[in-house]
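One-letter residues, chain by chain:
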Amino acid sequence: MSYQADDRRYERQPYNRSGRSGLRLPAVSLGLWHNFGDNRPVENSRAILRRAFDLGVTHFDLANNYGVPYGSAETNFGRIFREDFAKYRDELVISTKAGFDMWPGPYGEWGSRKYVLASLDQSLRRMGLEYVDIFYSHRPDPDTPLEETMGALDRAVRSGKALYAGISNYSAEQTTQAARIMRELGTPLLIHQPSYSMINRWIEDGLLDAVEEAGMGCIVYSPLAQGLLTDRYLDGVPADSRAATSRFLSADRIDRDLARDLNEIAAGRGQTLAQMALSWTLRDPRVTSVLIGASSVKQLEDNVACVDGPAFTEDELQAIDVITKPRAAGGR
């Protein structure tokens, strides 16, 4: 059946301005990492994307190496885009990244001009797009001059293959340097994408200040700490859970006491633990949007509902700090 978006989709969540730019992003954005590769049913991916847009999620975030195998998330998204979303292209913010390993040899990762621009061309072909809205340097390259990587982002924008440029996983000092270079080139950085959660607070130690000073937005990933900040592990490690099946999370990282203590606070707020964790990342006005992943429509709906939660009281924030700050110390 042909997809027709919900007429009320823009009534479902707030849209926040990204730094000092003119672009507004949904408070909740959808990341297409784990659940959109060839190892997942494409119709499940389609259902998630459709429901996300119906709920006002206008931003879909990818990277060149997302999916199993690498590139398959972009390929699958491209297929669904052509079949369901092409007529809504001007209502969507689509982003991708280059920086981690993508193909063999010396030109298949990091931040050289050759790799960054070749990767963008490949991403556009996989998705069947003329341009992406945001193109990121996915990580800083210790061996390539920052001027070269930023020059490649500037070229991507000037060529019309990207509307905005961003960076991901850069430190506060690197962010300040990158922002200066891009301002001098005439293509200011739009946004930074770092990891951030209740138990991973490294961006509070200078990065948020650097982002604000540069006039950039901030969109955070891994707000649920790979599922640690959900009710998934309150009573153990399910056999089909990420901790049991994925190389990205091991069972020895599970802290059930922490999750149970946080879950009590969430219940008092009328939220699930995941919803509270997402709401918590959005409490800081410098955070433009939070990236969620979803393996089902129900999980998507539950997470997007975080925008309906109440504002935090000072007592709640202090209680969360007491529980989480010892775990978050030094974490990135």
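Residues numbered from 1 in each chain as written. Predicted model: local features only at pLDDT ≥ 70, side-chain atom pairs only at ≥ 80, totals over all residues. Heavy atoms only, no water.

### Focus: the layout of surface pockets
The following threshold applies: We place a 1 Å grid over just the protein atoms. Points where a 1.4 Å probe fits but has no way out form a cavity, open points with protein on both sides within 12 Å along at least 5 of 7 lines form a pocket, and any residue with an atom within 4 Å of a point lines it. Grid points are joined across faces, edges and corners, and a volume is the space filled by probe spheres set on the points. As a working rule, the residues Ala, Val, Leu, Ile, Met, Phe, Trp, Tyr, Cys and Pro are called nonpolar, Asp, Glu, Lys and Arg charged, and the rest polar, with Gly in that last group.
Volume-wise, the second largest pocket comes out at about 260 Å³. Around the second largest pocket, the lining is made up of 17 residues, and of these Ser 279, Leu 282, Arg 283, Cys 306 and Val 307 lie nearest the centre. Considered class by class, the residues forming the lining of the second largest pocket number eleven nonpolar, three polar and three charged.

### Comments concerning the pairing of strand β3 (residues 28-31)
Condition: Buried means the residue's accessible area, taken with a 1.4 Å probe over protein chains only, is under 20% of the maximum for its type, while exposed means over 50%, and partly exposed covers the values in between. Elements are defined by DSSP. Helices are runs of H or I of four residues or more, strands are runs of E of two residues or more, and each kind is numbered from the N terminus. Pairs of strands are assigned from DSSP output, requiring at least two bridges between the strands. Looking down the strands as they point away from you, a crossover is right-handed if its path from the first strand over the helix to the second goes clockwise.
Alternating residues of β3 divide into Val 28 and Leu 30 and Ser 29 and Gly 31, and every residue in both groups is buried. In this sheet, strand β10 (residues 289-292) lies alongside β3 in parallel orientation, the contact comprising three bridges. Counted as the bridge partner of Val 28 is Val 290 from β10. Judged from the two bridges that link them, β3 and strand β4 (residues 59-61) form a sheet pairing that is parallel. Of the residues in β4, the one forming a bridge with Leu 30 is Phe 60. In the classification by handedness, the crossover that spans β3, the intervening helix α1 (residues 42-54) and the parallel β4 is right-handed.

Read these as layout, nothing more, since geometry by itself doesn't imply function.
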